[in-house]
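Spelled out from the first residue to the last, the chains are:
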Amino acid sequence: VYSVLASLRHYNGTVTIFDIHDIVQTMREARCRMVNTEDQYRFIHEVCMLAADEYLRAASGANVNGKTKKMQSQKSLPILDQKRRAAPEPPVAAENRTPLYDELMEMVTMPALALIESLCQQVHGHELDQLTHLLFKIFGAHGNLLPFVARIAEWEINMCESEKVLFRRNSLASKITTACLKAYGQGYLKATLQPLIAQMLEKPETSYEINPMLVEAGSEHNMGESRLLLRRLAETFFDAIVETLPRVPVAINLLCFGVCAATSKRFPEAALSAVGGALFLRFFAPAIVSPTSHGIWDSPLPARVQRGLVLVSKMLQAVANVTKFTGFREEYMQPMNGFVKVALPRGEEFLKKMS
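As the structure is a computational prediction, the values presented were derived from the model and not from experiment.

(A) Region of the structure containing helix 14 (residues 337-354). With 18 residues, helix 14 should reach 26 Å at 1.5 Å per residue; the first-to-last C-alpha distance of 24 Å fits that figure. At leucine 344, helix 14 shows its maximal kink, close to 45 degrees; a proline, proline 345, follows between one and four residues later. Within the span of helix 14, buried status applies to Asn337, Phe339, Val340, Ala343, Gly347, Phe350, Leu351 and Met354. Buried residues belonging to helix 14 abut helix 10 (223-242), helix 11 (250-266), helix 12 (271-289) and helix 13 (303-321).

Rendered as structure tokens:
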């Protein structure tokens, strides 16, 4: 549905009304009983709103006398007033564009994406960050961001020799997926994690340390109590994330679906693990480990609270990766395998519904 609606950018601002009933009728003609439940209607509505949002933002850049002229359709479709992520600004202001610039943009965004594929093979390091930022702005301004990310993710998966490295390399696919997750999910992420951190700060002196090497010699540290507190904390974070499923932004669902579909073609058994890697490794875990730098919390956190967040992040990633703590380096985390075992079924179900 999203892919079809994304083509609206080709209509030059002539579309002002979305008739979801007609869309459903058309879908039913193609496949009998395709849309029957309230959840299905809600999903179609959310996707329509998302596609229309990108369509209007991309099409509202007509420049008149040095000012941006809003489309008439924005008055009859009040999408831009909703609390959604800010659309990326075009790389070059409309008044500074030239025919050569437009030709370059057409070359970059053409369906074959041959130029992008060549760049992916040649650009590395800091230049890759710059390329990611630029492509994010270009495809976001053209209303093609999500389809583009799905295509890049498919390239990434096809180049991987093993499912163990899916979305774990600092590649263009990983970086631009991370950028999209942040752009579309920042509000959702903050609403999910901020209350949990506030709850931890009610007792900042609580110790969650379970690594004997980091416990001060001679201190009255109760390792058993710390393990119990850490497990309860991880359960609180895990429950909060899983229970947000009805509130997950549609764009994130679409990204997860794209990752799952592309992975299934090459590594069928690793599809959910790939979704978990993209979602937890690139989205939840960094924000949990560093809530201040991710806009979740405004001030530095006490050391013990920060340490608790780092350990919780490790446990949630173990669930997403469907792995247990093993080996000498993670020996101190092995008592938390009980949590991982109990959480795995719910985690798998969560990832299935996300994708």
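That shown, we press on.
(B) Quick peek at the nonpolar core. Membership of the largest hydrophobic core comes to 82 residues, with the highest contact counts inside it found for Phe237, Ile252, Leu279, Phe280, Phe284, Leu316 and Phe339. At the level of elements, helix 7 (126-141), helix 8 (145-159), helix 9 (172-201), helix 10, helix 11, helix 12, helix 13 and helix 14 are the ones that each hand at least two residues to this core. Counting residues per element, this core draws most heavily on helix 9, which supplies 12 residues. Discounting residues that sit within four places of it in the chain, phenylalanine 284 has contacts with Tyr188, Leu189, Ile241 and Leu279.

(C) How the structure looks around the packing of helix 10 against helix 13. Orientation of helix 10 relative to helix 13, taken along the N-to-C sense of each, is 60 degrees, at an axis distance of 9 Å. Looking at the two axes, helix 10 sits oblique to helix 13. Considering how the two elements wind past one another, helix 10 and helix 13 form a crossing that is right-handed. On helix 13, the residues touching Leu230, Arg231, Leu233, Ala234, Phe237, Phe238 and Ile241 of helix 10 are Gly308, Leu309, Leu311, Val312, Met315, Leu316 and Val319. Tallied by class, the residues present in the contact of helix 10 with helix 13 amount to 12 nonpolar, 1 polar and 1 charged.

Quick notes on the rules
- Residues numbered from 1 in each chain as written.
- Predicted model: local features only at pLDDT ≥ 70, side-chain atom pairs only at ≥ 80, totals over all residues.
- Heavy atoms only, no water.
- Helix = DSSP H or I, 4+ residues; strand = E, 2+ residues; numbered from the N terminus.
- Expected span 1.5 Å × (residues − 1).
- Bend = angle between axes of the 7 residues up to and from the residue.
- Buried < 20%, exposed > 50% of the residue type's maximum accessible area, 1.4 Å probe, protein only.
- Contact = heavy atoms within 4.5 Å.
- Core = buried A, V, L, I, M, F, W, Y, C linked by side-chain atoms within 4.5 Å.
- Axes fitted to C-alpha atoms, helices over the stretch in contact; angles between N-to-C directions.
- Parallel < 35°, antiparallel > 145°, perpendicular 65-115°, else oblique.
- Left-handed = near helix turned anticlockwise from the far one by under 90°.
- Nonpolar A, V, L, I, M, F, W, Y, C, P; charged D, E, K, R; others polar.

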